[in-house]
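So you can see what is in the structure, the chains are spelled out below.
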Amino acid sequence: INAEYMGTVSVLFCSMLRGLASRRVLRPFGSRFYDPTPPNLNSSKVRAKEIKKRNKEYMDTVVAPPICFGLSNAAFIDSLVHDQQITVAGVEEAFRAVDRFRFARHLDPMIAYQDLTLDLGFNAYMEPASLLSKVLALLHDQCKLTDTPRVLDVGTGSGYMAALMAHVVGEKGHVFTMEHVTFLAKFALDNINRQYPTLGKRVSVFCRDGSEGFADHLPFDFIYVSGAVESSDEFETILQQLACPGTIVCPIGWGGQSAKRSVGEARGFGYGAHSGVRPARVHEDRVGLPQEVRVLVNRARKDKSKTGTLEVRKGFMYRPIMDLRRQLPAREGWFIEQ
């Protein structure tokens, strides 16, 4: 009886393993990226070439785990400096003065102190610190040319980037930041004023749509857009608000994403869903241009002006700028509240 029982169990166990392997949940030993369900090919060489091709496509989609992390904000910044993600002294001082976890209190500190994209709910997110450091380095260079820098931040989120900018611009500078989600605008204002009241005097938070810039306080010496615009025409609209000299950082193109989201997909970004990394889930009904983060340094002399792109980490992509009805989930009266 025991032998029959053990035989039955082993057969069921083997069947379960085959079922998991067929669903790509369990991969066979010997090759980490081996495809257990290759196409029916006659030639073994063609089959090997096909498997190699699939493995390469799989590796191209893999996002490398963050190298920079820490148990505290100081340790996290130390890892960023050691990895040469932060190379400017003024930017390092800002990161050490502003605690990242205080602007992502709904997450675990082990997640907040990693170089990850943090989900803030309402289809909003906080960019990795390694990317923000590059933007702040450009702002630090711009502040050397202006005594009273005026900064425009489109997409406040939790207020972390606005607080960092306020520290970089100094006492004479000012940061104007816009967020069209009422809850996030209040959340950012509360974070800055409660945690860092000194920096709060240099930050003005406005609850309004910033897809076309902010024409009430022109011009701006530095503009940072944390959402991707669809085309160069929209970029030119925001560019008109840039001073000379001035610098603008703006992602252009949706990178194959679509700005149209269904209600079910939008619910996945609700405030109750707290995770460290949440990729953008979008329809494929409208494909945008390949995304690039354009950096334009505008100087009085044309030979001093330059246009370039900001290098971002593999796997990261700015989400497209959307109107409020597309961004917020159609539930719990969010539209009425706005």
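All values reported here derive from a predicted model rather than from experimental measurement.

> What is the right way to read the packing of aromatic side chains from this model?
One pair of aromatic rings is described through two measures. These are the centre distance and the angle between the planes. Per the stated rule, a full pass over the model turns up nine aromatic pairs. Measuring from ring centre to ring centre gives 6.2 Å for Phe 101 and Tyr 113, while their planes differ by 50°; the resulting arrangement is tilted. Of this pair, Phe 101 sits in the loop between α4 (89–97) and α5 (109–112) while Tyr 113 sits in the loop between α5 and β1 (118–121), and the two are 12 residues apart along the sequence. Residue classification places Phe 101 among the partly exposed positions, given a relative accessible area of 23%. Assessed through its relative accessible area of 6%, Tyr 113 is described here as buried. An aromatic cluster is defined as three or more aromatic residues linked by ring pairs; in this entry it consists of Phe 95, Phe 103, Tyr 160 and Tyr 196. The ring of Phe 235 has Arg 294 sitting right over it, with the charged end atom 5.2 Å from the ring centre.

> Honestly, empty space enclosed by the protein in this entry has me stumped. Any pointers?
Where empty space is left can be seen by rolling a probe of water-molecule size over the atoms. As enumerated under the stated definition, the model contains one cavity of 30 Å³ or more in all. Considered as a void within the structure, the largest cavity measures approximately 440 Å³ in volume. Together, 31 residues line the largest cavity, and Val 154, Gly 155, Thr 156, Glu 179 and Ser 226 are the ones closest to its centre. With three residues, strand β2 (residues 124–126) is the largest single contributor of residues to the lining of the largest cavity. Of the residues assigned to the lining of the largest cavity, the class counts are 14 nonpolar, 12 polar and five charged.

> Please explain the sheet that holds strand β6 (residues 220–225) as it appears in this structure.
Within a sheet, adjacent strands bond to each other through the backbone by hydrogen bonds, running parallel or antiparallel. Across the sheet, seven strands lie side by side as β5-β4-β3-β6-β7-β8-β9; this open sheet has mixed pairing. Bordering the open sheet on either side are β5 (203–206) and β9 (306–309), each of which pairs with just one other strand. Across the sheet, the axes of successive neighbouring strands diverge by a mean angle of 15°, strand direction being ignored. Across five bridges, strand β3 (residues 150–154) lies against strand β4 (residues 174–178) in parallel orientation. Across the sheet, Asp 153 pairs through a bridge with Thr 177, a residue of β4. Relative to the sheet, helix α6 (residues 129–143) contacts β3, β6, β7 (242–252) and β8 (292–298), its axis offset from that of β6 by approximately 170°. Sheet contacts for helix α10 (residues 232–239): β6, β7 and β8; angle to β7, the most-contacted strand, approximately 150°.

> When you look at α10 in this model, what are you seeing that I'm missing?
Turn by turn, an α-helix covers 3.6 residues, leaving residues three or four places apart pointing in a common direction. Taken together, the buried positions of α10 are occupied by Phe 235, Ile 238 and Leu 239. Angularly, the buried residues of α10 cover 105° about the axis, an arc narrow enough to put them on a single face. Structurally, α10 contributes buried residues whose contacts are with β6, β7 and β8.

> Where do I start with the environment of Gly 159 in this structure?
Checked against the element boundaries, Gly 159 lands in the loop between β3 and α7 (160–169). By relative accessible area, Gly 159 is classed as buried at 0%. In this structure the C-alpha to C-alpha distance between Gly 159 and Met 178, which are 19 residues apart in sequence, comes to 10.0 Å. Contacts of Gly 159, omitting those with residues within four sequence positions, involve Phe 103, Ala 188 and Ile 192.

> Could you clarify how one ought to interpret the pairing of β1 in this entry?
It is a general feature of regular strands that their side chains alternate between the two faces of the sheet. Side chains of β1 alternate between two faces, with Leu 118 and Leu 120 and Asp 119 and Gly 121 buried alike. Here β1 runs beside β2; their pairing, made up of three bridges, is antiparallel. The residue bridging Asp 119 from the neighbouring strand is Tyr 125, located in β2. The turn joining β1 and β2, which pair antiparallel and follow one another in sequence, is formed by two residues; a positive phi near 55° is taken by Phe 122.

> Any chance you could explain the environment of Asp 221 here in plain terms?
With respect to the helices and strands, Asp 221 occurs in strand β6. The class of Asp 221 is buried, set by a relative accessible area of 11%. For the pair Asp 221 and Cys 143, spaced 78 residues apart in sequence, the C-alpha to C-alpha distance is 8.4 Å. Contact partners of Asp 221, with chain neighbours within four places excluded, come to Gln 142, Thr 146, Thr 148, Pro 149, Arg 150, Leu 242, Ala 243, Pro 245, Gly 246 and Thr 247.

About the cut-offs
- Residues numbered from 1 in each chain as written.
- Predicted model: local features only at pLDDT ≥ 70, side-chain atom pairs only at ≥ 80, totals over all residues.
- Heavy atoms only, no water.
- Phe/Tyr/Trp six-rings, centres within 6.5 Å; stacked < 30°, edge-to-face > 60°.
- Helix = DSSP H or I, 4+ residues; strand = E, 2+ residues; numbered from the N terminus.
- Buried < 20%, exposed > 50% of the residue type's maximum accessible area, 1.4 Å probe, protein only.
- Lys NZ or Arg CZ within 6 Å of the ring centre and 35° of its normal.
- 1 Å grid on protein atoms, 1.4 Å probe; cavity = no way out; pocket = protein on both sides within 12 Å on 5 of 7 lines; lining within 4 Å.
- Points joined across faces, edges and corners; volume = space filled by probe spheres on them.
- Nonpolar A, V, L, I, M, F, W, Y, C, P; charged D, E, K, R; others polar.
- Pairing = 2+ DSSP bridges.
- Axes fitted to C-alpha atoms, helices over the stretch in contact; angles between N-to-C directions.
- Contact = heavy atoms within 4.5 Å.
- Arc of directions from axis to C-beta.

Any functional reading would require information that these geometric values do not contain.
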